[in-house]
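Summary of the model geometry
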Amino acid sequence: MRLAFMGTPEFSAPILGELLAAGHDVAAVYSQPPRPAGRGKALRKSPVHTAAEAHGLPVRTPTALKAQEDRDAFAALDLDVAVVAAYGLILPKPILNAPRLGCLNLHASLLPRWRGAAPIQRAIMAGDAVTGVQVMQMEPGLDTGPVLLSETTPIGEGETAGDLEPRLSTIAASLIGRALAALERGALTPTPQAQEGVVYAHKIDKAEARIAWDAPADEVDRRIRGLSPAPGAWFEAPDAEGRPTRVKVLRSKRGDPATTGAPGTIRVSDGRAFVQCAPGEVELLALQRAGKGVQDTATFLRGFPLDVASSAGA
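Note on numbering: residues in each chain are counted from 1, in written sequence order. For this predicted model, a pLDDT threshold of at least 70 governs which residues receive local features, and a threshold of 80 or more governs which side-chain atom pairs are given and counted, while totals over whole chains, interfaces and linings are taken from all residues. With hydrogens and water set aside, each side-chain value is computed from the structure's full complement of heavy atoms.

1. Thoughts on a nonpolar patch on the surface
- Within this analysis, patches are made of residues with over 30% relative accessible area and no salt bridge. Like charges are joined at 9 Å or less; nonpolar side chains (Val, Leu, Ile, Met, Phe, Trp, Tyr) at 5 Å or less. For the accessible areas, the method is Shrake-Rupley and the probe is 1.4 Å, while residue cover comes only from the protein chains on display. Salt bridges are defined by distance alone: a side-chain nitrogen of Lys or Arg within 4 Å of a carboxyl oxygen of Asp or Glu. On the surface, a cluster of nonpolar side chains totalling about 260 Å² of accessible area is made up of Leu-142, Val-198 and Tyr-200.
- Counting from the N terminus, the helices are the DSSP runs of H or I reaching at least four residues and the strands are the DSSP runs of E reaching at least two. Its location among the elements puts Val-198 in the loop between helix H6 (161–185) and strand S11 (199–201).

2. Notes on the pairing of strand S15 (residues 272–276)
- Extensive coverage of S15 is indicated by the burial of 4 of its 5 residues.
- By this definition, two strands are paired if DSSP reports at least two bridges between them. Pairing analysis gives 4 bridges linking strand S14 (residues 266–269) to S15, with the strands arranged antiparallel. Note on S15: the bridge partner recorded for Ile-266 is Val-275.
- Between S14 and S15, which pair antiparallel one after the other, the connecting turn spans 2 residues, and Asp-270 there sits at a positive phi close to 50°.
- Bridge count for S15 against strand S16 (residues 281–289) is 4 bridges, and the pairing is antiparallel. Only protein chains enter the calculation, and the probe is 1.4 Å; a residue is then buried if its accessible area is under 20% of its type maximum, exposed if over 50%, and partly exposed in between.

3. Concerning the environment of Met-138
- Note on placement: Met-138 falls in the loop between strand S9 (130–137) and strand S10 (147–154).
- Sequence separation between Met-138 and Glu-208 is 70 residues, and the spatial gap between their C-alpha atoms is 30 Å.
- Apart from residues no more than four positions distant in its own chain, Met-138 is found in contact with Val-84, Leu-91, Leu-96, Cys-103, Leu-104 and Asn-105. When checking whether two residues touch, look at their non-hydrogen atoms; a contact exists if any pair is within 4.5 Å.

4. A closer look at the nonpolar core
- Nonpolar cores were defined as sets of buried Ala, Val, Leu, Ile, Met, Phe, Trp, Tyr and Cys residues, with membership established by side-chain atoms within 4.5 Å. If you look at the biggest cluster of nonpolar residues, it comprises 42 residues, and the most contacted ones within it are Phe-5, Ile-15, Leu-106, Ile-176 and Leu-180.
- Among the elements that line this core, the one with the most residues is H6, at 12 residues.
- Counting residues in hydrophobic clusters, the runner-up holds 28 residues, among them Ala-118, Ile-211, Trp-213 and Ala-237.

5. Structural notes on the packing of aromatic side chains
- Side-chain rings of Phe, Tyr and Trp (the six-membered ring for Trp) are treated as a pair once their centres are within 6.5 Å; stacked means planes under 30 degrees apart, edge-to-face means over 60, and tilted covers the remaining angles. Under the defined criterion, the tally for this structure stands at 3 aromatic pairs.
- Ring centres of Tyr-30 and Phe-74 lie 5.6 Å apart, and the angle between their planes is 70°; on these two criteria the pair is classed as edge-to-face. Of the two residues, Tyr-30 sits in strand S2 (residues 25–30) while Phe-74 sits in helix H3 (residues 68–75), which places them 44 residues apart along the sequence. Phe-74 shares its class with Tyr-30; the two are buried.
- Measuring from ring centre to ring centre gives 5.8 Å for Trp-213 and Phe-235, while their planes differ by 70°; the resulting arrangement is edge-to-face. Linking Trp-213 in the loop between S11 and helix H7 (217–226) with Phe-235 in strand S12 (residues 233–238), this pair joins segments that are 22 residues apart in sequence.
- The exposure class of Trp-213 is buried, given its relative accessible area of 0%.
- The criterion for a charge sitting over a ring is simple: Lys NZ or Arg CZ within 6 Å of the ring centre, and within 35 degrees of the ring normal. Sitting over the face of the ring of Trp-234, Arg-246 holds its NZ or CZ atom 3.6 Å from the ring centroid.
- For Arg-267, the ring lying beneath its charged end belongs to Phe-274, and the centroid distance is 4.3 Å.

6. Looking at the sheet that holds strand S7 (residues 103–107)
- Spatial ordering of the open sheet is given by S5-S2-S1-S6-S7-S9-S10, a layout of 7 strands whose pairing is mixed. Looking at which strands have only one partner, the edges of the open sheet turn out to be strand S5 (59–60) and S10.
- As paired elements, strand S6 (residues 81–85) and S7 share 3 bridges and run parallel to each other. By the bridge assignment, Val-84 is partnered in S7 with Asn-105.
- Sitting on the sheet, helix H1 (residues 13–21) touches strand S1 (2–7), S2, S6 and S7, and the angle it makes with S1 is about 170°. In this description, a line fitted to the C-alpha atoms serves as the axis of each element, helices being fitted only across the stretch in contact, and the angle between N-to-C directions of two axes falls anywhere from 0 to 180 degrees.

This is the structure we're talking about:
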């Protein structure tokens with residue numbers, strides 16, 4: 001089939017690879033424009049942009065799809081279908097209507113739960129036991145279209161967003177191959193989404209990344225895992241000179257659920273670190289300071305000793 005692929009993050013890159021491996025004619029790739037990144041704030045291309053160029057594919061990076069010239073250029077591709085996976089732009093109706101068979105979206109949740117920008121993170125933060133990937137026929141509403149194909153997967157205990165995302169990406173790549181083959185045969189049956197159970201996966205706000213230790217331990221643990229590796233949940237603790245230092249927590253697990261005490265109190269024992277919540281404790285398993293790599297807790301403590309007198313704040 002002749003198609004366009006529209007995606008941006010690492011999650012989407014393997015899906016592009018699957019489309020090419022299946023022999024589809026990818027007429028163009030759309031991705032978010034290069035953004036400033038790193039200490040030097042140099043412009044960095046998205047993972048999909050980089051992958052497309054490695055395959056010699058033309059890449060388009062409009063900041064929006066509202067200009068008539070962008071819409072005309074998309075229509076001129078004469079597509080059978082457009083495949084969308086975490087692209088990051090809303091597709092206006094002229095774009096949705098341009099391909100002969102419409103636009104298919106790969107969404108990393110079980111709709112209508114977690115419509116929106118951050119379904120993987122929100123599912124972990126909410127404590128969901130199961131998630132999945134669905135192929136959806138796109139329409140003007142936000143992730144409201146009928147579902148064409150679906151596959152579920154459990155969310156493991158202790159799993160972070162960084163663990164779950166590549167597994168969902170692999171599922172998505174396999175699912176779109178099956179969906180396009182069925183679409184060519186006219187063998188896909190659209191299933192309207194349920195009207196009940198609609199939940200929105202709002203974009204992660206940086207303010208959410210600061211850990212509030214006065215929440216229950218299971219909630220704190222889920223927040224840490226849902227925000228790992230990016231933006232990374234964090235707290236402040238004093239360094240050897242007493243200066244507040246930001247510490248990211250990239251892995252954690254629930255400790256004793258019955259402990260009580262001042263939220264944010266840090267307890268260190270045999271190379272392990274626990275922080276009191278309200279109630280229960282969270283054990284910190286992987287930590288990172290600014291400018292340093294991620295370290296297991298025992299290694300981290302050798303360079304940045306936390307002790308019972310330290311506090312992570314509330």
